[in-house]
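Residues per chain, in single letters:
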Amino acid sequence: MEFNVLILPGDGIGVEVTREAVRVLDHICAKYGHKAHLKEALLGGIAIHKTGGPFPAETEALARDADATLMGAVGLPEFDNLPPSQRPEKGLLGIRACLGVFANLRPVRSYAALLDSSPLKNHLVDGVDMIIVRELTGGIYYGQPRGISGEGDTERGVNTMTYTRAEIARVSRMSFELARNRRKKVTSVDKSNVLECSQLWRKVILEVAKEYPDVELDHLLVDNCAMQLVLNPKRFDVVVTENMFGDILSDEGAVLAGSIGMLPSASIGARRPSGAWVGLYEPVHGSAPDIAGQNKANPFGAIGSVAAMLDYSFGLKEEAAAVNAAMEAVLNSGRVTADLKPKGTPATTAQVGQAVCEAIG
Ligand code: IPM
Ligand code: MN
């Protein structure tokens, strides 16, 4: 198979984890006889430095053209005091919207080798296997009106959480479809005791649920969900929720797996005529400027995102499984980065990438 992949390393540790993800992608292609045409472009803070904006037109054109996009992370401390519209993060929001990737799949699972890295007791974490489906192109991240206006005591900041029926229905369907291939349980998370937006969310997903009588649906308020994630994480199979709730809950979910560095994600939207998903693949973690450039960031989230890309965008299930199995083998071998608290000397980012390639064989 031949495919075009756009690589967007972005900022901070995005650069070093993406390098290892690409190493694994190249290795898989060589082993299984595929040809990946890679192009690299700018996104985030580095794009602001080099072009004046976080999502240059050239990056946008390349992303629209590519079969899939692999992203590292965005965010740099020198932009911390700027308004959202001028920050590196704006580039990420821009590419998500431009590709129309409305469903962000964030799988959270426990690994035997990492049980002791989790802050929760082993028996709570052992066997956790859920997927958080975060709505990614709507809600409060994109809603209008937004902004800061006025001055003095009446200076006011405004954001708007808004969803249409169609936006709720499509991400709901995606969640039910995923659940069908898993334990057939969807938990919808909202704040319908306070927010009208959540009341519509609940109404629409209840309607969509009628198309999936074989899948069980329950509802949790987001505050309760945050609590259940640490009290009883094994109760969850597919969790679906709006953009900001999903952002927050998935960071919480990530520590169940031992470290936020472990979590991959797949953002998918429309299907191409071939049936493949238009996809943006990125680790859940951020740019971690405090450890950037030190070769100690955990590349598993980025490498896992390559596995997700092989699976969702290219239908290469065997190759995806090979990457996942290799990651698990490396975890079991203990050659892991410092965040996973290995017994011996922590491995570097590059050593982990190499070890995954060796384990693929
Ligand atoms: C994430 C990140 C982003 C988000 C930031 C960097 C804009 O936290 O992907 O979870 O909030 O979506
Ligand atoms: Mn986040």
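(A) A look at the site of ligand 1. Near ligand 1 you find Glu89, Arg96, Arg106, Arg134, Tyr141 and Asp247, and these make up its full shell. Within the side chain of arginine 96, one N or O atom sits 2.7 Å away from an oxygen atom of ligand 1. Contact with the protein chains removes 80% of the 320 Å² of surface that ligand 1 exposes when unbound. Looking at the shell around ligand 1 residue by residue, the class counts come to one nonpolar, no polar and five charged. Residues lining the shell around ligand 1 come from more than one domain, with at least three contributed by each of domain 1 (1–110 + 258–361) and domain 2 (119–257).

(B) Representation of helix H1 (residues 13–32) in the model. An ideal rise of 1.5 Å per residue puts 28 Å on 20 residues; H1 measures up with 29 Å between its terminal C-alpha atoms. Along H1, the positions that sit buried rather than exposed are Ile13, Gly14, Glu16, Val17, Thr18, Glu20, Ala21, Val22, Val24, Leu25, Ile28 and Cys29. Considering only its buried residues, H1 is in contact with strand S1 (2–10), strand S2 (35–40), strand S3 (68–73), helix H10 (300–312), helix H11 (317–333) and helix H12 (349–360).

(C) A look at the nonpolar core. By size, the foremost hydrophobic cluster in this structure holds 93 residues, and its most contacted members are Met130, Phe176, Phe300, Leu310 and Val356. Here this core gathers at least three residues from each of two domains, domain 1 (1–110 + 258–361) and domain 2 (119–257). Excluding its chain neighbours within four sequence positions, the residues that come into contact with leucine 310 are Leu25, Ile28, Gly315, Leu316, Glu319, Ala320 and Val323. Core analysis: the next-biggest nonpolar cluster, separate from the first, contains 18 residues, Ala41, Ala66, Met71 and Leu280 among them.

(D) Broad picture of the packing of H10 against H11. Direction vectors running N to C along H10 and H11 enclose 160°, while the axes themselves pass 7 Å from each other. By the angle between their axes, H10 is roughly antiparallel relative to H11. Here the hand of the crossing between H10 and H11 comes out left-handed. Facing H10, whose interface residues are Phe300, Ile303, Gly304, Ala307, Leu310 and Asp311, H11 presents Lys317, Glu319, Ala320, Val323, Asn324, Met327, Val330 and Leu331.

(E) Geometry of the environment of arginine 165. With respect to the element layout, arginine 165 can be found in helix H6 (residues 165–180). Here the alpha-carbon distance between arginine 165 and asparagine 122, two residues 43 residues apart in the chain, equals 41 Å. Contacts of arginine 165, omitting those with residues within four sequence positions, involve Leu200, Lys203, Val204 and Glu207.

(F) Main features of the sheet that holds strand S4 (residues 103–109). With mixed pairing, 10 strands are arranged side by side in an open sheet as S2-S1-S3-S12-S11-S4-S5-S10-S8-S9. Because the sheet does not close on itself, it has two edges, and the strands there are S2 and strand S9 (216–221). Each neighbouring strand pair of the sheet contributes to a mean axis angle of 25°, computed without reference to strand direction. In the sheet, S1 pairs with S3 via five bridges, with the strands oriented parallel. By the bridge assignment for S3, leucine 8 is matched with methionine 71. Its contacts with the sheet place H6 against S4, strand S5 (129–135), strand S8 (185–190), S9, strand S10 (238–241), strand S11 (266–271) and strand S12 (277–281), and it is angled at close to 165° to S5. Sheet strands touched by helix H9 (residues 243–256): S4, S5, S8 and S10. Its angle to S5, the strand with the most contacts, is close to 155°.

(G) Layout of the packing of H1 against H12. At a minimum axis distance of 9 Å, the contact between H1 and H12 shows a crossing angle of 15°. Overall, the two elements H1 and H12 adopt an arrangement that is roughly parallel. Note on packing geometry: the crossing formed by H1 with H12 is right-handed. Within the contact between the two elements, H1 uses Glu16, Val17, Glu20, Arg23, Val24, His27, Ile28 and Lys31 and H12 uses Thr349, Ala350, Gly353, Gln354, Val356, Cys357 and Ile360. Considered class by class, the residues forming the contact of H1 with H12 number seven nonpolar, four polar and four charged.

(H) The arrangement of the domain arrangement of the protein chain in detail. Split by domain assignment, the protein chain resolves into domain 1 (1–110 + 258–361) and domain 2 (119–257). For domain 1 versus domain 2, the distance between C-alpha centres works out to 23 Å. Contacts between the two partners involve 25 residues from domain 1 and, on the opposite side, 28 residues from domain 2. Summing the contributions of domain 1 and of domain 2, the shared interface buries around 2,200 Å²; its carbon and sulfur component is 64%. Among the residues of domain 1 in contact with domain 2, Phe102, Arg106 and Val108 are the three that bury the most area, contributing 32% of the side total. Linking domain 1 to domain 2 there are zero salt bridges. If you look at where domain 1 meets domain 2, you find 11 residue pairs in polar contact (both at pLDDT 80 or more). Of all elements in the fold, only helix H4 (89–99), S4 and S11 reach the threshold of two or more residues within the side of domain 1 that touches domain 2. Here the element with the most residues in the side of domain 1 that touches domain 2 is S4; it accounts for seven residues. Taken together, the residues of the side of domain 1 that touches domain 2 break down into 16 nonpolar, six polar and three charged.

(I) Seen up close, the pairing of S10. The two faces of S10 match: Val238 and Val240 on one face and Val239 and Thr241 on the other face are all buried. Sheet topology note: the S5/S10 ladder contains four bridges and is parallel. The partner of isoleucine 132 across the bridge, within S10, is valine 239.

Parameters at a glance
Residues numbered from 1 in each chain as written. Chains lettered and ligands numbered in written order. Predicted model: local features only at pLDDT ≥ 70, side-chain atom pairs only at ≥ 80, totals over all residues. Heavy atoms only, no water. Near = heavy atom within 4 Å. Polar contact = N/O pair within 3.5 Å; in protein donor to acceptor, adjacent residues only side chain to side chain. Areas by Shrake-Rupley, 256 points an atom, 1.4 Å probe, with all protein chains shown as cover. Nonpolar A, V, L, I, M, F, W, Y, C, P; charged D, E, K, R; others polar. Domains from an automatic or database assignment. Helix = DSSP H or I, 4+ residues; strand = E, 2+ residues; numbered from the N terminus. Expected span 1.5 Å × (residues − 1). Buried < 20%, exposed > 50% of the residue type's maximum accessible area, 1.4 Å probe, protein only. Contact = heavy atoms within 4.5 Å. Core = buried A, V, L, I, M, F, W, Y, C linked by side-chain atoms within 4.5 Å. Axes fitted to C-alpha atoms, helices over the stretch in contact; angles between N-to-C directions. Parallel < 35°, antiparallel > 145°, perpendicular 65-115°, else oblique. Left-handed = near helix turned anticlockwise from the far one by under 90°. Pairing = 2+ DSSP bridges. Buried area = accessible area lost by both parts, 1.4 Å probe. Salt bridge = Lys/Arg side-chain N within 4 Å of Asp/Glu carboxyl O.

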